[in-house]
Each structure stands twice: as structure tokens, then as C-alpha cells.
Amino acid sequence: MPESLMMAFSWLDWLALGWFFACWAWYYEYSRRRQRSKRCLAGVMHGYRYDWMRRLLGREARIADATIMTHLERNGAFFASSTLLILAALFGLMGTTERALLVLADLPFAASSPSRLGLELKLLLLIGLFIYAFFTFTWSMRQYNFCAILIGSAPAADEKDSTPGLRKMFAIQAANVIDLAANQFNYGLRAYYFGLALLAWFLHPLAFILATAGVVGVLFRREFHSKTLKALAAGRDLDITFRGILQHEEATSESLKNQNK
């Protein structure tokens, strides 16, 4: 590694950068492994997607299903276009690093004497992060396009050549393709979250470390311990009780069990 590159950051900066990549890689691997063994948003939503595809096969009119798929694709298109705007702004900022250095020097709690090379490397890292986000969002859009084609090719409700086993396999694999598209969209959103943490590096490496830990904590709670997760899980499992915001209007799982008896 060139000496000038090593001198661009302090040892605390390098520690913060290593912590950033370690946290991102750890959470990616942790969430990928735990979603098969622990209740999480990805696992619960897979169940709903499978139910959706299974019920789709029993419907003659599938206009509503195609509309839902179009809406999901537009979410990815919105973030992909927004990412391009962010990248344009970042590339423009690369040409005004001198002015940016003056602004950063006046900020409270900012690291003392930021170097131009260090600032440019931080901007390049931020650019790389949003390029990754752009590719994940566009790949998610393409996968939702594939899902729309799957809906169009789904066996008709009265199709005699379609066996129950074939229809079940179609529902499973269609739900799997939607899972893949949703996961790519989720990876793009994670890049946005970690991009916000990376902004703290422009102030101070300690702020960068704390922001990265905070992002991982927010992602972990929303993915594995959020109220939304519990509400979604309660919709498919009567053993799970969840009372919403309007508690006096919510039916508990226990009352639903009594009604089924």
C-alpha cells in the first residue's frame, strides 16, 4: 500500500473503516443464516408470498396480482433513480474538495486537519457504496419483471393438464423468485443505511464507529424483534399474540382459538 495512502488516515480512521466492513459482512452473514432457523421478516414474508401464489392459481382474474407486482417493481425504480441523483451529487462534490475541507474544518467535533486525499477517499468509498446500491435495486427490478412473467404463465384454475404437484411446485418456486427480488431490494436499503453511517466519518472516526454500530442495531431489531414482525407472524400463527396500537379493538389470538373450537 502506498505510503501516501497510509498517511491519508490515522490509525483510528483505519480502525473505524475495518469496523465498518466487519459489521456489514457480519450482519449479512448472520441474517442469511438466521433467517432459516429464527423467526424474522424474510421468513414470515416467504410464508405470505407462498400463500399468495397458491391462491393466485385458484383465481381466473389476476389483474390485482399483476398490479401488486408492478407496485413492487416501482419501489425499486424509485430508489434506483434516487441513487443516480446521489451519485451525480457525489461526483460533483469530488471537484470541490477544497471548499468541502473548509466546511468540515468549521464543523464542531470534526477531526482536526482533514487532508484532501483522505476526503477524496471517503467520497470514493461513498460513491462505491451507492454504485453497489444501484446495481442491487436494478437487479431487484429485473427479478420483479420475471415475477410478472411467472404470473402471466401461471396455470389457469380450470386447466386439466396441470396436476396438483405441478401447481404446488409452481407456487413454491414463484414465491422463491419473489423472495430473491425482495432480498435484493433489502440489500439496497442496507446500503443506504450504511451510507448514512459512513457520513459520520466526515466528522470523526469515533462517530463513524458509533454510527455503524447503531445501524447494525437498528437493522437487527427491525429484522428480528420488531412489532411489525410480531404482527405479521401473528397473522399466520394463532400461538403468537399481538395487540396493536388500538388495543381495545384488537382480537387476541386466545379469543380466535376459542372461536375455532
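Higher on the page you've got the structure.
Keep in mind the model is a prediction, meaning the values are calculated, not measured.

Participant: What should I look at first to understand the layout of surface pockets in this one?
Facilitator: Leftover empty space is mapped by rolling, across the atoms, a probe with the size of a water molecule. Roughly 660 Å³ of volume is contained in the largest pocket. Lining the largest pocket are 23 residues, and of these L41, M45, R49, A182 and N186 sit closest to its centre. Put simply, the parts of the chain that give the lining of the largest pocket at least two residues each are helix 3 (41-56), helix 4 (63-94), helix 7 (164-199), helix 8 (205-224) and helix 9 (227-234). With eight residues, the single largest contributor to the lining of the largest pocket is helix 7.

Participant: Hey, could you run me through the pattern of salt bridges in this one?
Facilitator: Side-chain pairs of opposite charge can arise whenever the charged atoms involved come near each other. Overall, the coordinates contain five salt bridges when judged by the stated rule. One salt bridge connects R33 with E29, and the closest N-O pair in it is separated by 2.7 Å. On the criterion of helical spacing, the pair formed by R33 and E29 is a turn pair, its members being four residues apart in helix 2 (residues 11-34). For R33, a relative accessible area of 55% translates into the label exposed. Across the pair R59 and D65 runs a salt bridge whose closest N-O atoms are separated by 2.5 Å. In this structure D65 comes out as buried when scored by relative accessible area, which is 3%.

Participant: Would you mind going over the packing of helix 2 against helix 8 with me for this structure?
Facilitator: In helix packing, the relevant descriptors are the interaxial angle and the interaxial distance, both defined with respect to the helix axes. In contact at an axis separation of 8 Å, helix 2 and helix 8 are set at 10 degrees when each is read in the N-to-C sense. On the basis of their axis angle, the class for helix 2 and helix 8 is roughly parallel. Side by side, helix 2 and helix 8 meet where L12, D13, A16, L17, W19, F20, C23, W26, Y27, Y30, S31 and R34 of the first sit next to P205, L206, F208, I209, T212, A213, V216, L219, F220, E223 and F224 of the second. Across the contact of helix 2 with helix 8, the residue classes break down as 18 nonpolar, two polar and three charged.

Participant: Would you explain the nonpolar core in this entry?
Facilitator: Note on soluble globular proteins: their nonpolar side chains tend to be buried together. L129, F130 and F194 are the most contacted members of the largest nonpolar core, which totals 35 residues. Secondary structure elements with two or more residues in this core: helix 2, helix 4, helix 6 (116-153), helix 7 and helix 8. When residues of this core are assigned to their parent elements, the largest contribution, eight residues, is made by helix 6. For F130, the contacting residues outside a window of four places in its chain are T83, I86, L87, L90 and Y192. Counting residues in each nonpolar core, the second largest holds 15 residues, with M53, F170, I178 and A182 among its members.

Participant: Before we go on, may I ask you to explain the packing of aromatic side chains in this structure?
Facilitator: The relation between two aromatic rings is expressed through the spacing of the ring centres and the mutual angle of the planes. If you walk through the whole model with that rule in mind, you get 22 aromatic pairs. An angle of 20 degrees between the planes, with centres 5.0 Å apart, marks the rings of W26 and Y30 as stacked. Note that W26 and Y30 are positioned in helix 2 at a spacing of four residues, about one turn of the helix. Taken together, F20, F21, W24, Y132, F194, W201 and F208 form an aromatic cluster joined through their ring pairs. Just above the ring of F202 sits the side chain of K122; from NZ or CZ to the centre is 5.9 Å.

Conventions we followed
Residues numbered from 1 in each chain as written. Predicted model: local features only at pLDDT ≥ 70, side-chain atom pairs only at ≥ 80, totals over all residues. Heavy atoms only, no water. 1 Å grid on protein atoms, 1.4 Å probe; cavity = no way out; pocket = protein on both sides within 12 Å on 5 of 7 lines; lining within 4 Å. Points joined across faces, edges and corners; volume = space filled by probe spheres on them. Helix = DSSP H or I, 4+ residues; strand = E, 2+ residues; numbered from the N terminus. Salt bridge = Lys/Arg side-chain N within 4 Å of Asp/Glu carboxyl O. Buried < 20%, exposed > 50% of the residue type's maximum accessible area, 1.4 Å probe, protein only. Axes fitted to C-alpha atoms, helices over the stretch in contact; angles between N-to-C directions. Parallel < 35°, antiparallel > 145°, perpendicular 65-115°, else oblique. Contact = heavy atoms within 4.5 Å. Nonpolar A, V, L, I, M, F, W, Y, C, P; charged D, E, K, R; others polar. Core = buried A, V, L, I, M, F, W, Y, C linked by side-chain atoms within 4.5 Å. Phe/Tyr/Trp six-rings, centres within 6.5 Å; stacked < 30°, edge-to-face > 60°. Lys NZ or Arg CZ within 6 Å of the ring centre and 35° of its normal.

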